[in-house]
Amino acid sequence: ESVLLPPYRGQGAGVAFFQAREAHARAIDLRHAAFCAVVRPPDHPSRPSDGRPLDGFWRNRGYHLRPDLTCTMRWPELGDMQDTAHTMQFWTKDLGAS
């Protein structure tokens, strides 16, 4: 999971992170990039009160939501002792032919 603390947001670190990982993928002749993000309802207690959806940020980087690609991962929520199932939604990007 990638998270920037509020004082560091909006300064280009997220863009640089995506650019660096895509450059590395291209350097090793990969043609696609993907990541998955946890799906949470807008009123989920784990959402930060000042949080905002990142869909626009990811779309601006050229990623496309893939509603046909999901998986389930399990981990304990903060303060819980037992794992909980979490749906993960995939986003993908064509890095172009190498």
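Because the structure is predicted, anything quoted here is derived from the model rather than measured. (Residues numbered from 1 in each chain as written. Predicted model: local features only at pLDDT ≥ 70, side-chain atom pairs only at ≥ 80, totals over all residues. Heavy atoms only, no water.)

Student: Lay out the overall build of the protein chain with the relevant residues and their values.
Tutor: A tally of helices and strands in the protein chain yields two helices and three strands. In sequence order, the secondary structure elements of the protein chain are arranged as α-β-α-β-β. Projected onto the principal axes, the alpha-carbon positions of the protein chain cover approximately 45 × 30 × 20 Å. Considering the protein chain as a whole, with its 98 residues, one finds that 18% of them fall into the buried category. (Helix = DSSP H or I, 4+ residues; strand = E, 2+ residues; numbered from the N terminus. Buried < 20%, exposed > 50% of the residue type's maximum accessible area, 1.4 Å probe, protein only.)

Student: Before we move on, could you go through the packing of aromatic side chains and cite the residues and values that matter?
Tutor: Going through the model one piece at a time under the given rule, you end up with eight aromatic pairs. Note that R21 overlies the ring of F18, its terminal NZ or CZ placed 4.6 Å from the centroid. It is R61 that lies over the ring of F57; its NZ or CZ is 4.7 Å from the centre. (Phe/Tyr/Trp six-rings, centres within 6.5 Å; stacked < 30°, edge-to-face > 60°. Lys NZ or Arg CZ within 6 Å of the ring centre and 35° of its normal.)

Student: Describe the nonpolar core, and please don't skip the residues or the numbers.
Tutor: Counting residues in hydrophobic clusters, the biggest one holds nine residues: F18, A25, A33, F35, A37, W58, Y63, W91 and L95. Only α1 (13-27) and β1 (32-38) provide two or more residues apiece to this core. Counting residues per element, this core draws most heavily on β1, which supplies three residues. Ignoring sequence-local partners within four residues, the contact set of F35 consists of F18, R21, W58, Y63, Q89, F90 and W91. (Core = buried A, V, L, I, M, F, W, Y, C linked by side-chain atoms within 4.5 Å. Contact = heavy atoms within 4.5 Å.)

Student: Talk me through the pairing of strand β2 (residues 64-76); I want residue IDs and the actual numbers.
Tutor: Pairing of β2 with strand β3 (residues 83-94), which is carried by 10 bridges, proceeds in the antiparallel orientation. From the neighbouring strand, H64 faces β3, where its bridge partner is T92. (Pairing = 2+ DSSP bridges.)

Student: Explain the layout of surface pockets residue by residue, including any values.
Tutor: Here the largest pocket defines a volume of roughly 1,600 Å³. Lining the largest pocket we find 40 residues, and of these E1, S2, V3, L54 and W58 sit closest to its centre. Mapped by element, the contributors of at least two residues to the lining of the largest pocket are α1, β1, α2 (55-60), β2 and β3. Per-element accounting of the lining of the largest pocket gives the leading share, six residues, to α1. Residue composition of the lining of the largest pocket, grouped by class: 23 nonpolar, eight polar and nine charged. (1 Å grid on protein atoms, 1.4 Å probe; cavity = no way out; pocket = protein on both sides within 12 Å on 5 of 7 lines; lining within 4 Å. Points joined across faces, edges and corners; volume = space filled by probe spheres on them. Nonpolar A, V, L, I, M, F, W, Y, C, P; charged D, E, K, R; others polar.)

Student: Outline the pairing of β1, supporting the account with residue identities and numerical values.
Tutor: Judged by which residues are buried, β1 turns out to be one-sided: A33, F35 and A37 face inward and are buried, whereas H32, A34, C36 and V38, on the alternate face, are not. Sheet analysis places β1 next to β3, joined by seven bridges and oriented antiparallel. Looking at the pairing, F35 lines up with W91 of β3.

Student: Any details on the pattern of salt bridges? Residues and values, ideally.
Tutor: Summed over the entire model, instances satisfying the criterion amount to three salt bridges. A salt bridge links K93 to E22; the nearest nitrogen and oxygen atoms lie 2.9 Å apart. A residue pair is termed long-range when its members are at least 10 positions apart, and K93 in strand β3 and E22 in helix α1 qualify at 71 residues. Using a relative accessible area of 13% as the deciding quantity, one classes K93 as buried. For R40, the salt bridge is made with E77, and the minimal N-O distance between the two is 2.9 Å. Here E77 lies in the loop between β2 and β3 and R40 lies in the loop between β1 and α2, a separation of 37 residues in the sequence. With a relative accessible area of 17%, R40 lands in the buried category. Under the relative-accessibility criterion, E77 is labelled buried at 14%. (Salt bridge = Lys/Arg side-chain N within 4 Å of Asp/Glu carboxyl O.)

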